[in-house]
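# Structure assessment
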Amino acid sequence: FRSLQTNVFRILLYAAESWTLKGKDMEKIRSFEMKWYRRILKIRWQQKISNVKIREELKIKEDIGQTVIRRKLWLFGHICRMNDNRLIKHVLLAAMDGKNKKERPCKRWLDNIGIGVKSPFIH
């Protein structure tokens, strides 16, 4: 179990702070995680054991989706504490002028962490 966390999940979560994930992407990551937990415990797919019970047995407190969100929030807090003259802060918190396409707007990094932030640079 420890080798899974230190080798596979560390590689999987490399630069996860910068990802913009959609719902399907998060589902795939979580199913990948559960697939490996079931493999460790030698649970076949025919057995009806819930993910919650598997996590309890392995004493896992947060899933990979929660880990990604925690890392993104950490990065967001780090950027917010930077000086206002830092370029990364301007890029992250600035708003663009113009109209969107008629389609659904693209998902932004800030939308993904669940914070509807208005830029402090725009008054």
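Residues numbered from 1 in each chain as written. Predicted model: local features only at pLDDT ≥ 70, side-chain atom pairs only at ≥ 80, totals over all residues. Heavy atoms only, no water.

With that out of the way, let us pick up the layout of surface pockets. To locate leftover empty space, one rolls a probe as large as a water molecule over the atoms. Approximately 340 Å³ is the volume attributed to the second largest pocket. Taken together, 18 residues line the second largest pocket, and the ones lying closest to its centre are Q5, F9, Y37, E62 and T67. Those elements that place two or more of their residues in the lining of the second largest pocket are helix 1 (2-12), helix 2 (23-40) and helix 4 (64-80). Class assignment for the residues of the lining of the second largest pocket results in seven nonpolar, two polar and nine charged. (1 Å grid on protein atoms, 1.4 Å probe; cavity = no way out; pocket = protein on both sides within 12 Å on 5 of 7 lines; lining within 4 Å. Points joined across faces, edges and corners; volume = space filled by probe spheres on them. Helix = DSSP H or I, 4+ residues; strand = E, 2+ residues; numbered from the N terminus. Nonpolar A, V, L, I, M, F, W, Y, C, P; charged D, E, K, R; others polar.)

On to the pattern of salt bridges, then. Using the criterion set out here, one finds five salt bridges in the structure. The residue R71 makes a salt bridge to E17 at a minimum N-O spacing of 3.8 Å. Here the residue R71 occupies a position in helix 4, and E17 occupies one in the loop between helix 1 and helix 2, the gap between them amounting to 54 residues. Between D63 and R30 there is a salt bridge whose closest N-O contact spans 2.8 Å. Note that D63 is positioned in the loop between helix 3 (51-58) and helix 4 and R30 in helix 2, a separation of 33 residues in sequence. With a relative accessible area of 29%, R30 lands in the partly exposed category. (Salt bridge = Lys/Arg side-chain N within 4 Å of Asp/Glu carboxyl O. Buried < 20%, exposed > 50% of the residue type's maximum accessible area, 1.4 Å probe, protein only.)

Next up on the list: the confidence of the model for the protein chain. Summing up the model confidence of the protein chain, the mean pLDDT is 79 and the portion of residues at 70 or higher is 84%. Mean pLDDT per element in the protein chain: helix 6 (residues 109-112) is the minimum at 72, and helix 3 is the maximum at 89. Predicted confidence for residues 119-123 stays below pLDDT 50, and this span has eight contacts to residues more than four positions away or in other chains. (pLDDT = per-residue confidence, 0-100. Contact = heavy atoms within 4.5 Å.)

Taken as a class, soluble globular proteins show a tendency for nonpolar side chains to be buried jointly. Judged by nonpolar contacts, the single largest core of 15 residues is most densely connected at Y37, I54, I64 and V68. Elements that contribute at least two residues to this core include exactly helix 1, helix 2, helix 3 and helix 4. For this core, the element with the most residues is helix 2, which contributes four residues. Within the second largest apolar cluster, eight residues are counted, among which are F76, I79, M82 and I113. (Core = buried A, V, L, I, M, F, W, Y, C linked by side-chain atoms within 4.5 Å.)

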